[in-house]
Amino acid sequence: MSRIRALLLAVSVLMPQLLLSTNSGQAQGIPQDIPRKELLILENPEGTIKNAGWFNIWAINAGSQSNGLQQAALDTLWYIDPESGLDGVWSNSLAADKPQYNADFTEMTAKLRNGIFWSDGVEFTADDVISTVMTQIKNPGMRFSAVLTSNVASVDAPDPYTVVFKLKKPNSRFHTNFTVRWNAIWIMPKHVFEKVQDPAKFDFNKPVSLGAYVLNSYDPDGKWYIWQLRDDWQRTTIARYGKPGPKYLAYVDPGPPDKRVIAQLNHELDVIHDIAPEGMFALAKQSKSTRAWFKGFPYGHPDPTLPAVIFNTQNELFKNPDVRWALALLIDVKAVAMAAYRGAATISAIGVPPTGMHPAAYHQPMEEWLKGFEIDTGKRKVKPYDPTVGKQIADMLRPSMGEQIPADPKEIARAFGMGWWKTDPQAAQELLEKAGFSKRGAAWFTPDGKPFTVRVMVEGDLRPVMTRAGTMIVQQWKQAGIDAKVDVAQGTLPTRRAAGDFDTFIGWSVETWGGHQDLSYFMDSWHSQFVAEPGKSQPQRNWQRWASPALDKIIEETRTIGFDDPKSIELGKDYVKLAVKEMPTIPLMAYNVFTAMDQTYWTGFPTSENPYTDPVPNWGNSRSMFVKLKPAN
């Protein structure tokens, strides 16, 4: 029996018992002395945390950052919401105003709010910002040390509410390091860390909070974390939007997809981070209280991230762009979209998510360039781009989905994407042979005579959509004669990703603001200055460890123009062209997150009709949700 059928059968069999259950709707193993009407239960997509007592987010360790730590307890200078925001997309948080640069972008000034306090009663001041920067710089290997060391010449405070950064070179986007989209450089409490001998080994347990919530308790085995609203929540930055509704937040590991569905049907899980489409379909059918981002198909929230096949380009096998291109031309993205999302996917051939402002800024203007783009296989030149792939996916779905599938070409492009790369085994073979590979019978061998083995790392049940995409790609590569294998990294993918312990993996190194066309959120972190040596931990986002002098030049020019300068789009197009030619990752599609919200105990969740923030519960921006939630009648 397939997993999908088993899931649906389990839901249908258990429904009578679930509906007859008289429990408090508060399972998950969390303490039962908290009134359910005061408790919001959310999934922590990181699962069970093996180093549960680690709260030092500034040091890379096996602890969790999506257990409520970054959402409820931490804060930084600015936020940009991927949706409309509580009061516009841009939010001055610990900063009282937008960043102020000098004429050549070598100096940035941040004016800070006063009257903001840590949960232990100490006032937040410029000293905390300076301490955050200098602690990272003085301790190489901490989470933000590389970006701060490479950018900051000095940081000073002319008064308690002003911070002046002098930069080593012009960087008009330095502020984005302190601007939350999913996370950012969080501000650490100086008065705590200055007493610590080694800040990289300090667990920060119990964490002092700058957000509206403080840690109440947690499971030593890493299954759940509970946060409690501060008595002095008015002395935090989120207070300007009102009092948060829930008194308590519980971030839990609810188990695999079928258990998440059952937990929400039993009102034991208010917010599911993500489930497979079948789980969403089951909830939509069985539960009158569940709500997704969209009321119906395609349900999921389109995050401004770009799932891709990410190569470890420091691996000798994947250093050659011809090899990377060959693997791309062995993929049938239509089959991947159907396997991963049952068709509810928006494909992208370029390294920019097809969401937010990006289709108008990048995808549509670059269509003609993509149609004319050629690759040299060593024997001939081929044009690999097929502009009709999005339409093909829509046509595949129309017989079963009927009128839910649009007929207008513009609507098809918006829903399913534009074009993608042709499946071309002959061109792939020519590229591999050009790179020195050989085929013996049905199997491919590397230039040194070994079987061409490729591990594709996936997260397993923690991210079922990505796992199914990776499994389908493995099948396609195996059919072409490559010894491809699924490598399930249940709960360990973030650690292995940073360590470079993979051949390829299904995930993303492209993340954008969504509501802003600037690509610096990910692109700046792709500069070669941040690429770690093999065996060393890689700083965030450039997981492919790709170093390119041409990309460095684009990034460095972007740093010299304003954040809102239209020229940034042209530089973004230059990046797209380079990434197409070099193929450091194989872009697949936007990441549609099937976040499901149960309205039995709480109402006011963000939706497509009321898009004040992203509903996905591990985002730092999800703190906006807390002030909008109200107890259900």
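What counts and how
- Residues numbered from 1 in each chain as written.
- Predicted model: local features only at pLDDT ≥ 70, side-chain atom pairs only at ≥ 80, totals over all residues.
- Heavy atoms only, no water.
- Helix = DSSP H or I, 4+ residues; strand = E, 2+ residues; numbered from the N terminus.
- Rg over C-alpha atoms; globule rule 2.2 N^0.38 Å.
- Buried < 20%, exposed > 50% of the residue type's maximum accessible area, 1.4 Å probe, protein only.
- Contact = heavy atoms within 4.5 Å.
- Areas by Shrake-Rupley, 256 points an atom, 1.4 Å probe, with all protein chains shown as cover.
- Lys, Arg positive; Asp, Glu negative; His and termini not counted.
- Charge placed at Lys NZ, Arg CZ, Asp CG, Glu CD.
- Phe/Tyr/Trp six-rings, centres within 6.5 Å; stacked < 30°, edge-to-face > 60°.
- Axes fitted to C-alpha atoms, helices over the stretch in contact; angles between N-to-C directions.
- Parallel < 35°, antiparallel > 145°, perpendicular 65-115°, else oblique.
- Nonpolar A, V, L, I, M, F, W, Y, C, P; charged D, E, K, R; others polar.
- Core = buried A, V, L, I, M, F, W, Y, C linked by side-chain atoms within 4.5 Å.
- Polar contact = N/O pair within 3.5 Å; in protein donor to acceptor, adjacent residues only side chain to side chain.
- 1 Å grid on protein atoms, 1.4 Å probe; cavity = no way out; pocket = protein on both sides within 12 Å on 5 of 7 lines; lining within 4 Å.
- Points joined across faces, edges and corners; volume = space filled by probe spheres on them.
- pLDDT = per-residue confidence, 0-100.
- Pairing = 2+ DSSP bridges.

Colleague: If you had to explain the overall build of the protein to someone new, which residues and values would you point to?
Modeller: A tally of regular secondary structure across the protein gives 20 helices and 29 strands. In terms of C-alpha radius of gyration, the protein reaches 24 Å, essentially the compact-globule figure of 26 Å for 633 residues. Out of the 633 residues belonging to the protein, those deemed buried represent 60%. In the protein, the share of contacts with a sequence separation of at least 24, taken over all contacts with a separation of at least 6, comes to 71%. Surface exposure of the protein reaches about 23300 Å², of which carbon and sulfur atoms provide 52%. Here the protein contributes 68 positively and 68 negatively charged side chains, and the mean placements of these two sets differ by 2 Å.

Colleague: Please give an account of the packing of aromatic side chains that cites residues and values.
Modeller: Evaluation of the coordinates by the stated rule reveals 33 aromatic pairs. On the numbers, 6.3 Å between centres and 85° between planes, the contact of Phe-55 with Trp-227 is edge-to-face. Separated by 172 residues along the polypeptide, Phe-55 in the loop between β1 (39–43) and α2 (69–73) and Trp-227 in strand β10 (residues 224–229) bring together distant segments of the chain. Judged by relative accessible area, which is 0%, Trp-227 ranks as buried.

Colleague: Explain the side chain of Thr-446 residue by residue, including any values.
Modeller: Examined against the element boundaries, Thr-446 turns out to sit in the loop between β21 (443–445) and β22 (453–458). On the basis of relative accessibility, which here comes to 5%, the residue Thr-446 falls in the buried class.

Colleague: Outline the packing of helix α18 (residues 549–558) against helix α19 (residues 567–582), listing residues and values.
Modeller: Orientation of α18 relative to α19, taken along the N-to-C sense of each, is 170°, at an axis distance of 10 Å. With respect to α19, the axis of α18 lies roughly antiparallel. On the side of α18, the interface is formed by Ala-550, Leu-551, Ile-554, Glu-557 and Thr-558, while α19 contributes Lys-567, Leu-571, Asp-574, Tyr-575 and Leu-578. A per-class count over the contact of α18 with α19 returns six nonpolar, one polar and three charged.

Colleague: Hey, could you go over the nonpolar core for me, with residue numbers and the actual values?
Modeller: One recurring pattern in soluble globular proteins: nonpolar side chains tend to sit buried together. Ranked by size, the top nonpolar core spans 114 residues in total, and within it Trp-421, Trp-477 and Tyr-575 carry the most contacts. A per-element tally of this core places α19 first, with seven residues. Excluding anything up to four places from it in sequence, Trp-421 contacts Trp-325, Leu-329, Ala-349, Leu-370, Phe-373, Pro-384, Tyr-385, Val-580 and Met-583. In this structure, Trp-58, Leu-77, Trp-78 and Leu-167 belong to the second largest nonpolar core, which totals 71 residues.

Colleague: Go over the side chain of His-175, please, and point to the residues and values.
Modeller: Tracing the backbone shows His-175 in the loop between β7 (162–167) and β8 (179–180). Overall, the relative accessible area of 2% leaves His-175 in the buried class. Looking at His-175, its side chain comes within polar contact range of the side chain of Tyr-101, at 2.8 Å. Those residues in contact with His-175 that sit more than four places away from it in its chain are Trp-78, Trp-90, Pro-99, Tyr-101, Met-108 and Phe-563.

Colleague: Requested: an account of empty space enclosed by the protein, with residues and values cited.
Modeller: On inspection of all chains with the given rule, the structure shows six cavities of 30 Å³ or more. Looking at the largest cavity, its volume works out to about 330 Å³. Forming the walls of the largest cavity are 20 residues, and the residues nearest its centre are Val-147, Asn-177, Ser-525, Gln-540 and Arg-541. Classifying every residue of the lining of the largest cavity by side-chain character gives nine nonpolar, seven polar and four charged. For the second largest cavity, the calculated volume is near 100 Å³. Taken together, 14 residues make up the lining of the second largest cavity; nearest its centre are Tyr-79, Leu-86, Ser-91, Tyr-241 and Ser-624.

Colleague: Break down the confidence of the model for the protein for me, citing the residues and quoting the values.
Modeller: The predicted coordinates should not be examined in detail at positions where pLDDT is low. Per-residue confidence for the protein averages 93 on the pLDDT scale, and 96% of its residues sit at or above 70. Per-residue pLDDT stays below 50 along residues 1–24; that stretch engages in 31 contacts with residues further than four places along the chain or on separate chains.

Colleague: Give a description of the sheet that holds β22 that names residues and reports values.
Modeller: The strand order across the open sheet built from five strands is β23-β22-β24-β15-β25, with neighbouring strands paired in mixed fashion. On the outer flanks of this sheet lie β23 (483–488) and β25 (585–587), each paired with one strand and no other. Across the sheet, the mean angle from the axis of one strand to that of its neighbour is 25°, orientation sign disregarded. Bridging between β22 and β23 involves six bridges; their strand directions are parallel.

Colleague: An account of the layout of surface pockets is requested, with residue identities and associated values reported.
Modeller: The method is simple in principle: a probe with the dimensions of a water molecule rolls over the atoms, and the space it marks as empty is what remains. In this structure, the second largest pocket occupies an estimated 760 Å³ of space. Looking at the second largest pocket, it is lined by 35 residues, and the ones nearest its centre are Pro-302, Thr-346, Pro-354, Arg-414 and Ala-415. Counting only elements with at least two residues in the lining of the second largest pocket, the list comes to β14 (301–303), α10 (358–363) and α13 (409–416). Top element by residues in the lining of the second largest pocket is α13. It accounts for six residues.

Colleague: A description of helix α9 (residues 333–341) should follow, citing residues and the corresponding values.
Modeller: For α9, the set of buried residues is Val-333, Val-336, Ala-337, Ala-339, Ala-340 and Tyr-341. On its buried face, α9 is in contact with α7 (277–286), α12 (389–401), β19 (420–421), α15 (464–479) and β26 (591–593). Following α9 by one or two positions, Arg-342 has its phi on the positive side, about 55°.

Colleague: So, the sheet that holds β8: which residues are in play, and what are the values?
Modeller: Pairing between sheet strands relies on hydrogen bonds along the backbone, with the strands arranged either parallel or antiparallel. The mixed open sheet is built from three strands, whose spatial order is β3-β2-β8. Both outer strands of the open sheet, β3 (90–92) and β8, are each paired with one neighbouring strand and no more.

Colleague: Outline helix α14 (residues 425–434), supporting the account with residue identities and numerical values.
Modeller: The periodicity of an α-helix, 3.6 residues per turn, causes residues three or four places apart in sequence to face the same way. Within α14, the full set of buried residues consists of Ala-427, Ala-428, Glu-430, Leu-431 and Leu-432. Elements that come into contact with the buried residues of α14 comprise α8 (321–328), β16 (375–376), β17 (381–382) and β21. Backbone geometry just downstream of α14 places Gly-436 in the positive-phi region, at approximately 95°.

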